[in-house]
Amino acid sequence: MYYFWRKTELGKISLSRDGLARYISAFLKEPFTCHHVTLSPAESTLFLGIGCPEDSSPLDHKVVQEKVVEAIRQLGLSTRITWIEQENVSVHSLISSVLVNRPILWGVVGFAVAALFIMGLKWFLLAGIIGVLAFGASRAIFSEKGREYVRMIEKRIGR
């Protein structure tokens, strides 16, 4: 998603939400993460939601805030940060809560095992490759850039 920021004599300036989130994440060290980015063009202010551990100290917050505010100031924007406390999650609990407790996962695993025995390794791998290619193509088509290409092709076709 692009945020319209301002219009200059050279044209309009738009900023990418994902690009801003990646830019901000470059200044954050684990366990801090950028969760939310919103731009207020009227105020030229970037509102950030930064995730922090429950046990983080105010000094940690101050150090992170100074780095982020300075980085955003170089872009010509002011910054307001909201701190979002997040639980310390172990890898084991993440795996058990995200993977093991999902019926869809077990359905896919059962399907894959049955397909492997019925089709054989060669056809199973071929079906997997085709599935991965179809997934990649659909992700590309439904992305912002892909939608632009689809619109461009529709214009050329005459729709």
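Residues numbered from 1 in each chain as written. Predicted model: local features only at pLDDT ≥ 70, side-chain atom pairs only at ≥ 80, totals over all residues. Heavy atoms only, no water.

All told, the structure shown has two aromatic pairs when counted by the stated rule. Consider the rings of Tyr23 and Phe27, whose centres lie 5.1 Å apart with planes at 75°: the pair is edge-to-face. Residue class for Tyr23 comes out partly exposed when judged on its relative accessible area of 29%. When the centroid spacing of 6.1 Å and the interplanar angle of 70° are considered together, the rings of Phe32 and Trp83 count as edge-to-face. Remark: Trp83 occurs in strand β5 (residues 78–86) and Phe32 occurs in the loop between α1 (17–25) and β3 (33–40); sequence separation between them is 51 residues. Classification of Phe32 by relative accessible area gives buried; the value is 10%. (Phe/Tyr/Trp six-rings, centres within 6.5 Å; stacked < 30°, edge-to-face > 60°. Buried < 20%, exposed > 50% of the residue type's maximum accessible area, 1.4 Å probe, protein only. Helix = DSSP H or I, 4+ residues; strand = E, 2+ residues; numbered from the N terminus.)

The next thing to look at is the sheet that holds strand β4 (residues 45–53). The mixed open sheet is built from three strands, whose spatial order is β3-β4-β5. Looking at strand neighbours, the two that pair on one side only are β3 and β5, the edges of this open sheet. In this sheet, adjacent strand axes meet at a mean angle of 20° when their direction is disregarded. One ladder, built from seven bridges, connects β3 with β4; its direction is antiparallel. Residue pairing in the sheet places Ser40 in a bridge with Thr45 of β4. Packing against the sheet, α1 makes contact with β3 and β4, and its axis sits at approximately 130° to β3. Along the sheet, helix α2 (residues 58–73) makes contact with β4 and β5, crossing β5 at roughly 145°. (Pairing = 2+ DSSP bridges. Axes fitted to C-alpha atoms, helices over the stretch in contact; angles between N-to-C directions. Contact = heavy atoms within 4.5 Å.)

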